[in-house]
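# Secondary and tertiary structure notes
Next come the chains, spelled out residue by residue.
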Amino acid sequence: MKVRSKLLACAGWVAILLSAPQASGQIAVQYMEGKASLDGQPIAIRHDKSGLTHFPYINNGQVLETANGRVWASWGLFLAENSSLKMLADHEADLVIEVRSGSAIVDTTARAASVQYKGATMVLNKRGEYRIDADTGRLRVYHGEATVTYGVALNCPQSGACWLKVGQEPAKTIQAHKGEQVGLTDALPVSTDLSNDKDAFKRWVARCLRPFNGWGGKTP
């Protein structure tokens, strides 16, 4: 798709913000640093001589992977370096993704989201900012509230809303609030220690989000 863009300084780089609507079932890669691919094929943001910008789009069922860089996609989706996610569904109700490796941060200022990680399903209920670390199996709630259920799976058809499928064992559900982190195992342990969460990825996302939300991208 061709759209005209406006620019935003973010973390010393130039981020591209969409100025045109996008189709349901796909989200745009607005900014990327380093290398990224969709279903194993390299992607890039291109600018033509007429001033139009060509954005890669993540379609339903596609897997986004980063190498040594980071990606900022529309609807407040950020993916760290050496990470991957699959877009399960994109419809009017919410955005549904599966985090497969590395780290992702989801900002729900503009839209609700649901996230699958192995046996855990996270419904990001309220306007907020959330981080999922696949390598350590952990959800962190910087702002907002999440309903976390272990023992269910998201089933997402090609069209229409996703639905939850209960597994063989009884499911467990907890509420996670601002300043809490949840271990994404069957026990769903909750703690309030976010003291070690000041890595380069979090600082970069905070700088990008500061102009757009009420909390300025700050960690609790």
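To start, this report covers the structure provided alongside it.

Definitions and limits used
- Residues numbered from 1 in each chain as written.
- Predicted model: local features only at pLDDT ≥ 70, side-chain atom pairs only at ≥ 80, totals over all residues.
- Heavy atoms only, no water.
- Helix = DSSP H or I, 4+ residues; strand = E, 2+ residues; numbered from the N terminus.
- Buried < 20%, exposed > 50% of the residue type's maximum accessible area, 1.4 Å probe, protein only.
- Contact = heavy atoms within 4.5 Å.
- Areas by Shrake-Rupley, 256 points an atom, 1.4 Å probe, with all protein chains shown as cover.
- Pairing = 2+ DSSP bridges.
- Phe/Tyr/Trp six-rings, centres within 6.5 Å; stacked < 30°, edge-to-face > 60°.
- Lys NZ or Arg CZ within 6 Å of the ring centre and 35° of its normal.
- Core = buried A, V, L, I, M, F, W, Y, C linked by side-chain atoms within 4.5 Å.

We now examine the overall build of the chain. When you go through the chain residue by residue, the secondary structure sums to 1 helix and 25 strands. A total of 220 residues make up the chain; the buried ones form 53% of that total. Residue pairs in contact within the chain that sit at least 24 positions apart in sequence constitute 53% of those at least 6 positions apart. Summed over its atoms, the accessible surface of the chain is roughly 10300 Å², and 51% of this surface lies on carbon and sulfur atoms.

This part takes up the sheet that holds strand 19 (residues 138-143). Taken together, the 9 strands give an open sheet; going across it, the order is 9-4-11-12-15-18-19-24-25, and neighbouring strands pair in antiparallel fashion. A strand with exactly one partner marks an edge of an open sheet, and here the two such strands are strand 9 (57-59) and strand 25 (190-191). Pairing of strand 11 (residues 70-73) with strand 12 (residues 77-79), which is carried by 3 bridges, proceeds in the antiparallel orientation. For Ala-73, the partnering residue across the bridge sits in strand 12 and is Leu-77.

Turning to the pairing of strand 14 (residues 95-101), a few remarks are in order. Bridge count between strand 13 (residues 84-90) and strand 14: 6 bridges; the pairing is antiparallel. Bridge pairing in strand 14 links Ser-84 to Ser-101. In terms of strand pairing, strand 14 meets strand 16 (residues 113-117) through 4 bridges, oriented parallel. By the bridge assignment for strand 16, Glu-98 is matched with Gln-116.

Right, let's talk about the packing of aromatic side chains for a bit. Overall, the coordinates contain 4 aromatic pairs when judged by the stated rule. It is Lys-202 that lies over the ring of Tyr-142; its NZ or CZ is 4.6 Å from the centre.

Glancing now at the nonpolar core. Across soluble globular proteins, you tend to see nonpolar side chains buried next to one another. Ranked by internal contacts, the top residues of the largest apolar core, which has 41 residues, are Leu-64, Ile-97, Met-122, Leu-139, Val-148 and Leu-184. Of all the elements, strand 4 (residues 26-33) adds the most residues to this core, at 4 residues. With residues near it in sequence (within four places) discarded, Leu-184 still touches Tyr-117, Ala-120, Met-122, Ile-132, Gly-137, Arg-138, Leu-139, Val-148 and Tyr-150. Listed in part, the 11 residues of the second largest apolar core include Trp-72, Phe-201, Trp-204 and Leu-209.

Remember, this is a structural readout, not a statement about activity or role.
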